[in-house]
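Remarks on the overall topology
Each chain, written out:
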Amino acid sequence: MPGYISEYQYMGLSDEEFIEIAVPNGTDVSSYSIVLYQYDGTIVESYSLGTTLGTFGGQDVYAIDDTTPGFDSFSGQGEIYADDAIALVDDNGNVLQFISHWGNTVSAVEGPASGLNSISVGTANFGESLQSDDGGASYYSQSTTNQGSIPACYGPGTRIATPRGYILVENLRAGDHVLTRDRGIQQVRWVWSGGQPLDDVEPHQKPVLIAKNALASGLPDRDLIVSNQHRVVVGVPGQLDEIFTVPTFVPAKALVEIPGIRHMVGKKSMHWHHFVCDDHCVVMANNIASETLFLGSQIVRKLNSAQRRQLSQSLGRHVRQNEIQPMALPSLTKRQAQEVLARGDTKHCEVRAKKDDDSGKNTMRNEHSLVLTELH
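Per-chain numbering applies: the sequence of each chain, read as written, is numbered from 1 onward. With the structure being a predicted model, the display of local features is reserved for residues of pLDDT at least 70 and the display and counting of side-chain atom pairs for 80 or more, all residues being used for whole-chain, interface and lining totals. Derived side-chain values reflect all non-hydrogen atoms in the structure, with water molecules and hydrogen atoms excluded from consideration.

1. A word on the sheet that holds strand β18 (residues 224-226)
On the basis of which strands lie adjacent, the open sheet formed by 3 strands has the order β18-β17-β21 and antiparallel pairing. Each edge of the sheet is formed by a strand with only one pairing partner; in this case those strands are β18 and β21 (261-263). Within the sheet, the average angular offset between the axes of one strand and its neighbour, ignoring direction, is 20°. At least two bridges found by DSSP between two strands are what make those strands a pair. Secondary structure follows DSSP: runs of H or I at least 4 residues long count as helices, runs of E at least 2 residues long count as strands, and numbering of each begins at the N terminus. Judged from the 3 bridges that link them, strand β17 (residues 208-210) and β21 form a sheet pairing that is antiparallel. Where helices are involved, their axes are fitted lines through C-alpha atoms of the stretch in contact, as for all axes, and angles between N-to-C directions lie from 0 to 180°.

2. Some points on the sheet that holds strand β3 (residues 33-37)
The 5 strands lie next to each other as β4-β3-β7-β8-β9, forming an open sheet whose pairing is mixed. Each of the sheet's edge strands pairs with one partner strand only, and the pair in question is β4 (43-47) and β9 (119-120). Where strand β7 (residues 85-89) meets strand β8 (residues 95-100), 5 bridges bridge the pair, whose relative direction is antiparallel. What sits directly across from I86, in β8, is I99.

3. Brief notes about the environment of A22
Relative to the elements of secondary structure, A22 occurs in strand β2 (residues 18-24). Measuring from C-alpha to C-alpha, the distance between A22 and P2 comes to 8.8 Å, with 20 residues separating the pair along the chain. Here, residues are in contact when the closest pair of their heavy atoms is within 4.5 Å. Once residues lying within four places of it in the same chain are set aside, the contact partners of A22 are G3, Y4, S6, Q59 and D60.

4. Details of helix α3 (residues 334-343)
For α3, every residue scored as buried is listed here: Q336, A337 and V340. One side of α3 holds all its buried residues, which, seen down the axis, span an arc of 100°. The exposed set on the far side of α3, more than 90 degrees from its buried face, consists of R335 and A342. Looking one or two residues beyond α3, the residue adopting positive phi is G344, at roughly 65°. For every residue, the accessible area obtained with a 1.4 Å probe (protein chains only) is divided by the maximum for its type, and the residue is called buried under 20%, exposed over 50%, and partly exposed between those limits. By construction, the arc corresponds to the directions joining the helix axis to the C-beta atoms.

Interpretation in functional terms is not warranted from these geometric data alone.
This is the structure we're talking about:
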């Protein structure tokens, strides 16, 4: 097919609805259009595809969204209703697709789709989108956001090591570079931030404070606040290497029994920050080894459609809900890590490294140490 509607959202706020189009790489879409029809078969509006978001899997991807002139529910036009239909039209005026949703069929009486009946491709609830992974032959609904949850993140004031010295995590921008312990200098591709009210959060799920010197002298070199599921590294010099002999990720909540590490039970709200590189990496945060944002399916599902499109554009590939990204190190669950800590049994660190639920494969590295980057 010379092009198809790869994903769209019609049940959402005006700044969330969008229509995503995929065409073979290099296709001239200057005369392509998306034509929105309403229930009576008349045209609501027509949109050009604009500029590409990037090329992903050999396809150029375009999006009609709230940045597209006319695609704005507050203007009285452009909002996609449950009884609307969408036509994708090529440069010769041919209708490549004429699709609808919610079980409705629209019979077009004007424009390029005149005389055609739309094909209903599925139903999505509020906050979900319809997506096709087979060139428009079929669609499935997918959830796009979960307002009650956040990615594993850093608190404001966290200093991240970069070639230019330490930079506050909230000041990192796409295009900046960070120093990693496993992959050298890496470029920041995308940044995430968001607020979280904590009044209704259980004490054991609240942010974790790793106090200055809690792991060793200068580790961290100042208080570090992370979300309870954020992964820090153990098994590297100064970071519980007397217990964990293999570099391993553990969630911060697994360390709260260590003096100087605790849940911030009195915290009422937090504004979190995180960043993405091409790969999952180990970086230095307040002088301790920790992680960049891990793009597994559980995390990607928490991003709304606009965020996923921005992330796809930044990474130069199409980020889907079933995203698979190898972890930089093996990872233990809270229970596994605490069992090792309780026994001081180093053997368990290697043999019980968690099989990553997101990728379905154990990505544990064979090496027993990281290449250390000296920071000045």
